[in-house]
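Report on the structure
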Amino acid sequence: MKTNTQPKNTFYAYQEKDIQIIFDEMESAAKKKLLYQLPTGGGKTVVFSEIARRFMVQFGKKVVILTHRKELCTQTSSTLKKIGVRNQIISSTSGNFKPGCDCYVAMVETLRNRIKAKKIKTNDVGLVIVDEAHHNSFRKLMGSFKKAFVIGVTATPFSSDISKPMNKHYDLLITGENIADLIADGYLAKPESFVYEVELNSLKTGLHGDYTVSSSNELYSSPVMQELLLKAYKEHSTGKKTLIFNNGVTTSQKVYETFKDAGISIRHLDNKTSDDERKEILKWFKKTKDAVLTSVSILTTGFDEPTVENIILNRATTSITLYHQMIGRGSRKLPSKETFSITDLGNNIQRFGAWEEPVDWKFVFEHPDTFAKQLQYQSTGGSSVQSHGISAELRAQFPNTLEMTFDIEDHYQEAIDMDKKPKTVIQESIRQHAKMCMDNAETLSQAIALAEALQPEIDWRVKQYVKCLENASKNYKEWLMEDYQNRLKGLIIKLYPKINAA
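Quick caveat: nothing in here was measured; it's all calculated off a predicted structure.

**Focus: the overall build of the protein**
- For the protein, the count of helices and strands is 20 helices and 13 strands.
- Of all 502 residues assigned to the protein, the portion counted as buried reaches 52%.
- Long-range contacts, defined as pairs at least 24 residues apart, comprise 73% of the intrachain contacts of the protein with a sequence gap of at least 6.

Structure, rendered in structure tokens:
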């Protein structure tokens, strides 16, 4: 074995304990596929690199480490070298396994193509380590390593595809220290969270269950959301090295323009940025104390900059994995950095709970369907208002309005509790709609046109109101829909000249 030196790194007690548990399981040979969970910032790469080193010494067989991104390949190879493990990155230009090397790092598709072309033999591979194991692309390779032990490594043992749960592929989950304990023991920085509740009704979910890029761009590129983001930054992040995560290139570019116009030092990065420009931007970000970097997903994995002091979630996500990855970019601790801040503009903390709160990952692993249903319920807020979607087309007509929803049931109950007449609910709803129309129109005729565009939303509110009344007739409901629109237009005509004059 060409490991040739003892490891230069010392391991934390919790890392050493986990390594020993994993080796105990491998030595028993009862379970050949293990899943290891450790939070972002806990040192997963260091742990599985040491597992690879000890495995080669103890069992005398080759090790293959699989990643899903080029940056992770380079990062893993570097970590292996630091602890004395000679290794080879299998790339599109490399050939077979090199003689005298027993540890290989590869991206899934690259290695798959090499195996298909019969340029690489897998019979003498004794251990396969899968980094970011919640991704499903790794499954297609497992048939090539039937005799090997498999160790999947992830911060969040919840499959990116609920139809392919992780407990169908792995025999056992081994959990490491939780985030709260790592903070308490001084290994991770302590977060301070700032939450801005945002109306997400215009967001649509795609085939994979997360919010679509198009609907996210529509919402987060709007003037009112850009204004809220800038306000949140100035309130909690001025002067701090900041990462802003977005769900679309359009939004990120808009953020760049907004911050640049405000005189803030900012750069934009996405997956179309050239390698040279990316290196230059990351170098700038590293050395600039108050730098702001706005990006689209690209920095969620394979990026480690401990000096990050502030994370802004300028997006909503239904992915608990992405949620943990984004926040984890700010959790590295330094002698000069005990804390970091999180600014949430996507109701993510409400959806998943505080990042530092312990998660029962064994329950998630054993009952993924139940956990998925819980997340789905939390993403809709468990309420009728949240489940009522406002179309992107309608949302786009009101860019200067932050809050478009109005909880009829909640306002009705409040009216009853305060001994008010039920009709005050409709009056309040009309006032909100009138303000929306006037805030987003330059002329009276435009405001009236916006009122007419609101008819589907008016119909929805009236139906909810009639449900609250319980025994209202169908004729009353139809009359109220028409009366609502007439009163809305009347109020706009009445108030518009006064507001315009002011």
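So much for the structure itself; the text now carries on.
**Some points on unusual backbone geometry**
- The phi torsion at Asn347 lies on the positive side, around 55°, for a residue other than glycine.
- Its identity is not glycine, yet Asp419 carries a phi of approximately 60°, on the positive side.
- Here Asp419 lies in the loop between α16 (408-417) and α17 (423-439).
- By relative accessible area, Asp419 is classed as exposed at 71%.

**Focus: the pattern of salt bridges**
- Applying the stated criterion to the full structure yields 14 salt bridges.
- Arg315 is the salt-bridge partner of Asp210, the closest N and O atoms lying 3.6 Å from each other. Of the two residues, Asp210 is situated in the loop between β8 (190-195) and α6 (213-220) and Arg315 in the loop between β12 (310-313) and α10 (320-328); the sequence distance between them amounts to 105 residues. Residues Asp210 and Arg315 agree in their burial class; the two are buried.
- Between Lys286 and Glu305 there is a salt bridge whose closest N-O contact spans 3.3 Å. Taken together, the positions of Lys286 in helix α9 (residues 275-287) and Glu305 in the loop between β11 (292-296) and β12 put the pair 19 residues apart, joining distant regions of the chain.
- According to the relative accessible area criterion, Lys286 is exposed, its value standing at 51%.
- Owing to a relative accessible area of 6%, Glu305 belongs among the buried residues under this scheme.

**Points about the packing of α16 against helix α19 (residues 455-469)**
- It is the contact of α16 with α19, at a shortest axis distance of 9 Å, that shows an interaxial angle of 40°. Compared by their axis directions, α16 and α19 come out oblique. The hand of the α16/α19 crossing is right-handed. Of α19, the residues touching α16 (which contributes Ile408, Glu409 and Tyr412) are Arg461, Gln464, Tyr465, Cys468 and Leu469.

**Side note on the sheet that holds strand β9 (residues 242-246)**
- Reading across from one edge, β8-β13-β12-β9-β11-β10 is the order of the 6 strands in this open sheet, with parallel pairing throughout. Since the sheet does not close on itself, it has two edges, and those belong to β8 and β10 (266-269), each with one partner. With strand direction ignored, the average angle separating the axes of adjacent strands in the sheet is 20°.
- In this sheet, β11 lies alongside β10 in parallel orientation, the contact comprising 4 bridges. Note that in β11 the partner of Leu269 across the bridge is Ser295.
- The strands touched by α10 are β9, β12 and β13 (339-344); relative to β12, the strand with the most contacts, the crossing angle is about 150°.

**Some points on the environment of His169**
- Tracing the backbone shows His169 in the loop between β6 (149-154) and β7 (172-175).
- Other than its neighbours up to four places away in sequence, His169 contacts Lys33, Arg139 and Met142.

**Here's the deal with α10**
- The element α10 is extensively covered by neighbouring structure, given that 9 of its 9 residues are classed as buried.
- For α10, the full list of buried residues reads Ile320, Thr321, Leu322, Tyr323, His324, Gln325, Met326, Ile327 and Gly328.

**Description of the packing of aromatic side chains**
- Enumeration according to the criterion identifies 13 aromatic pairs in this entry.
- Geometrically, the ring pair formed by Phe55 and Phe149 is edge-to-face, given 6.4 Å between the ring centres and 80° between the ring planes. Placement of the pair is Phe55 in helix α2 (residues 44-59) and Phe149 in strand β6, with a sequence separation of 94 residues. The pair formed by Phe55 and Phe149 is uniform in burial state, with each residue classed as buried.
- Here Tyr412 and Tyr465 contribute two aromatic rings whose centre-to-centre distance is 6.4 Å and whose plane-to-plane angle is 75°, an arrangement assigned as edge-to-face. You can see Tyr412 sitting in helix α16 and its partner Tyr465 sitting in helix α19, a full 53 residues away along the chain.
- We classify Tyr412 as buried; its relative accessible area is 15%.
- Residue classification places Tyr465 among the buried residues on the basis of a relative accessible area of 3%.
- Through a chain of ring-to-ring contacts, the aromatic side chains of Tyr12, Tyr14 and Tyr187 assemble into a single cluster.
- The ring of Phe285 has Lys241 sitting right over it, with the charged end atom 5.4 Å from the ring centre.

**Topic: the confidence of the model for the protein**
- Taken residue by residue, the protein gives an average pLDDT of 86. The fraction at 70 or more is 91%.
- Contacts for the low-pLDDT stretch residues 1-8, under 50 throughout, to residues beyond four places or in other chains number 25 contacts.
- Confidence drops under pLDDT 50 across residues 382-387; counting only partners more than four residues distant or on other chains, this segment forms 12 contacts.

Calculation criteria
- Throughout, a residue's number is its position along its own chain's written sequence, starting from 1.
- Only residues with pLDDT of at least 70 are given local features in this predicted model, and only at 80 or more are side-chain atom pairs given and counted; all residues enter the totals for whole chains, interfaces and linings.
- Working from all heavy atoms in the structure, the side-chain values ignore hydrogens and water.
- Helix numbering and strand numbering both begin at the N terminus, where a helix is a DSSP run of H or I of at least 4 residues and a strand a DSSP run of E of at least 2.
- Residue burial is assigned from relative accessible area. The probe radius is 1.4 Å, only protein chains are included, and a residue is buried under 20% of its type maximum, exposed over 50%, and partly exposed in between.
- Pairs of residues are marked as contacts when any of their non-hydrogen atoms sit within 4.5 Å.
- The term salt bridge refers to a side-chain nitrogen of Lys or Arg lying within 4 Å of a carboxyl oxygen of Asp or Glu.
- Inter-axis angles, ranging from 0 to 180 degrees, are taken between N-to-C directions of lines fitted to C-alpha atoms, where helices are fitted over the stretch in contact.
- Any angle that is under 35 degrees is reported as roughly parallel, and any over 145 degrees as roughly antiparallel; angles of 65 to 115 degrees are reported as roughly perpendicular and all others as oblique.
- Take the far helix as the reference: if the near one is turned anticlockwise from it by less than a right angle, the crossing is left-handed, and if turned clockwise, right-handed.
- A pair of strands is considered paired only if DSSP assigns at least 2 bridges between the two.
- When the centres of two rings from Phe, Tyr and Trp lie within 6.5 Å, Trp using its six-membered ring, the rings pair. Their planes under 30 degrees apart give stacked, over 60 give edge-to-face, and anything left gives tilted.
- Geometrically, a charge over a ring is one whose NZ (Lys) or CZ (Arg) sits within 6 Å of the ring centre while staying within 35 degrees of the ring normal.
- What pLDDT expresses is the predictor's confidence in each residue, scored from 0 to 100.

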